[in-house]
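# Observations on the three-dimensional arrangement
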Amino acid sequence: MVSRLRILVIAALAAALAPLAVEAHAFLDKADPRVGSMVARAPPAVRLKFTQGIVVPFCRLTVTGPPGFGGAGAPHAIAGDPLSLAVDLKGPTPPGTYVVRWRALSVDTHVTEGDFSFQVKPQVSQ
Amino acid sequence: MHLRLAAPSALAIVLPTALAFLATAAPAAAHGIVGDRFFPATLITDDPAVADELTVPQVDAFRTGDEPPNTEVDISGEWDKRLTTNFGVSFDGTWTELKTPGGGTVTGFQNFGTTFKYQVLTDAPHELMIAVGLDTEWGGTGSAKVGADAATTLTPNFYFGKGANDLPDSLWWAKPFALTGVIGYAVPLAHEPRALQSGFALEYSFRYLSSHVRDIGLPTVINQLTPLVEVQLTTPIANRMPSTGTINPGIIWSGNRVQFGLEAMAPINRASGHAIGAVFQVHWFLDDMFPHSIGRPIW
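Bear in mind that the values here come from a model prediction, so they are computed numbers and not experimental data.

In terms of regular secondary structure, chain B is built from four helices and 15 strands. Here chain B holds 299 residues, and 40% of them are scored as buried. Counted over contacts in chain B with a minimum sequence separation of 6, partners at least 24 positions apart contribute 57%.

The helix and strand inventory of chain A stands at one helix and eight strands. Start at the N end of chain A and walk to the C end: the helices and strands fall as α-β-β-β-β-β-β-β-β. By residue count, 34% of the 126 residues in chain A fall in the buried class.

What follows covers unusual backbone geometry. Residues Asp-32 of chain A and Pro-33 of chain A are joined by a peptide bond in cis, for which omega reads 5°. Residue placement: Pro-33 of chain A occurs in the loop between strand 1 (28-32) and strand 2 (38-39). The omega angle of the peptide bond from Val-56 of chain B to Pro-57 of chain B is -5°, so this bond is cis rather than trans. Assignment of secondary structure puts Pro-57 of chain B in strand 3 (residues 53-63). One non-glycine residue, Glu-127 of chain B, lies in the positive phi region at around 50°. Its location among the elements puts Glu-127 of chain B in the loop between strand 7 (113-123) and strand 8 (128-137).

So, about the sheet that holds strand 2 of chain A. Residue and element names in this part refer to chain A. Strand order in the open sheet formed by four strands is 2-8-7-4, and the pairing between neighbours is mixed. Across the chains shown, the open sheet's two edge strands, defined by having one partner strand only, are strand 2 and strand 4 (60-64). Note that strand 2 and strand 8 (residues 111-120) share two bridges and pair parallel. Looking at strand 8, one finds that Met-38 is bridged to Gln-119.

Another point: the confidence of the model for chain B. When pLDDT drops low, the exact placement of atoms in the prediction is not to be read closely. Here chain B averages 88 in pLDDT, and 90% of its residues register 70 or above. Counted against residues more than four places away or in other chains, residues 1-30 of chain B, with its pLDDT under 50, gives 25 contacts.

Right, let's talk about the sheet that holds strand 5 (residues 76-78) of chain A for a bit. All names here are of chain A. Taken in spatial order, the four strands line up as 1-3-6-5 in an open sheet, and their pairing is antiparallel. Edge positions in the sheet fall to strand 1 and strand 5, since each has one partner strand and no second. Put simply, the sheet's adjacent strands are angled 30° from each other on average, direction ignored. As paired elements, strand 1 and strand 3 (residues 45-50) share four bridges and run antiparallel to each other. By the bridge assignment, Ala-31 is partnered in strand 3 with Leu-48.

The subject of this paragraph is the environment of Met-241 of chain B. Residue and element names in this part refer to chain B. Along the chain, the position of Met-241 falls in the loop between strand 12 (225-236) and strand 13 (244-254). By C-beta crowding, Met-241 is classed as partly exposed, having 13 other C-beta atoms within 10 Å. Sequence separation of Met-241 and Ala-271 is 30 residues, and the distance between their C-alpha atoms is 9.4 Å.

With that settled, the discussion passes to the pairing of strand 4 (residues 71-82) of chain B. On any regular strand, side chains alternate: one points to one face of the sheet, the next to the other face. Residues and elements named next belong to chain B. Taken together, the nine bridges between strand 3 and strand 4 define a ladder with antiparallel strand orientation. Looking across to strand 4, one finds that Phe-62 is bridged to Glu-72. Here twelve bridges tie strand 4 to strand 5 (residues 87-99), and the two strands are oriented antiparallel to one another. Note that in strand 5 the partner of Asp-74 across the bridge is Thr-96. Where strand 4 hands over to strand 5, the hairpin turn is made up of four residues, counted between the paired strands.

Rules used in this analysis
Throughout, a residue's number is its position along its own chain's written sequence, starting from 1. Chains carry letters and ligands carry numbers; both start at the beginning, A for chains and 1 for ligands, and go up in the order they are written. Local features in this predicted model are restricted to residues whose pLDDT is 70 or higher, and side-chain atom pairs enter the listing and the counts only when it is 80 or higher, whereas totals over whole chains, interfaces and linings include all residues. Where helices and strands are cited, they refer to DSSP runs of H or I of at least four residues and of E of at least two residues respectively, numbered from the N terminus. Working definition of burial: number of other C-beta atoms within 10 Å of the residue's own, with buried at 20 or more, exposed at 12 or fewer, and partly exposed in between, all C-beta atoms being placed from the backbone. C-beta atoms are first placed from the backbone for all residues, and any pair lying within 7 Å is then listed as a contact. Strands are labelled as partners when DSSP assigns at least two bridges between them. Confidence scores here are pLDDT values: one per residue, from the predictor, ranging 0 to 100. Structural elements are reduced to axes, namely lines fitted to C-alpha atoms, with helices fitted over the stretch in contact, and the angle between N-to-C directions of any two is expressed from 0 to 180 degrees.

Here it is in C-alpha cells:
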C-alpha cells in the first residue's frame, strides 16, 4: 500500500514538473514601478511582466494619474520579451497616485485582468 | 465572356474570425478567477467555481472516530467538466483502506458521486462568486465493508467565494484574505438522519498581495502560495448526535497548470477522530493544459 502510494505521488510530481508545451492564464508576475510602491519620480514607462506569453495587440494597459498628468501612450511589446507589456508615460508626471489597469490575453486565448496603483512622492525643495 | 470570381483564401476567412474571437474573449472564469482574485481549488470543501479540472490523486490519512479507532487511508479523484461556461458536472470516487486495531485490513470503494453546479454570479468589482449545485452520492455503488451507504443521498448545495478587496486602504495587508464556503442539506433517500453539511476556507493569497495590493519583493514561488484554514462540519438534524468535522490548516501552491495542497486534519471532537491526520492533493487545471479540446466547455 505504501509503495503504491509513493508511486502515485512521484508520478504526479514528475508529470507536474515535466516541460509540457502548454500555456495558461497570464497572471501579473512583476511590475515596474512595483505594485503599491512609492517612487521619487515617475518612470518613463510602466512595464508589466506576466507569468505566461501574451498577445500584445489584444492586451490593454492604461494609466491614470493626478491632475496635470500628461497621459500614457498605447501599450506595446518589449523586444525579445514575450511575457511583458509596457506603456510610455507622457510628461508631465506630477506627484500623486497613479492607477494602472490591465487586461491580458494569453497566447492560448485566456483573458485575465487587474489593476494596481503606485505613488509619486511630492518633490521637496531644498 | 466568362466572369471569374476570386475565391477568398483560407487566410482571409480564418484571420478575421480569429481576430473577432480574440477581441471578444471574456475574462476567464475557470478555477475561480474573478477580477484580480484567484480562488484556488480547496482540498476538503468545494470552491464556488465551475471549471475544467482534475483532482488526482488526493490522499487522506487519519484515525477515525470509532472506539477503538481505525486507521483510514483514502485515495480519491475528481473530474470537473464544464458543460457551458457557467454550468458543470463533476464525478468523484474514493478508494479506502481501513486498518482495524486487531490487525485486520479491509479495502474497497466508497460510493461514487456526481455533482451538478451552476455559477449564478461572478461579480468582479466585489470579488464575489456564488453558485448552487446538487450533489448525489449513489448508494450501493461502494463497498459496505468500508462504510459505503446502501442509500443514495442528495445534497443541494450553496457555494460562495468573497475577496476582501472592499476593506479600507489602511488595512491593505488584509485585502489578500478571502473566504469561500459551501452549505448543503444532505437528504438520504431512506429512513436515515438528514444532516447539515458545511465547509469554509479562509485563505490568504500572496499572489493577490504582490499583483494587486503591494509587492513586498517576495520571489515568484512564494507569491504562488496560499496559506489557508479549512473547516468542515457535519451536523445531524433531528437527533442528538454531536457535530463532527475537522479544522485543517495548510497551504496551497498554484502553478500555471497544476496546484499542490497539503493540510493537517485536526478533529473537532472525539467523535470526529482520534489524532491529527493529513491530506495531500494534486489538482490539474485542464482548461490551461488543453484549452482547445477537453479543457473547453462543451457548449
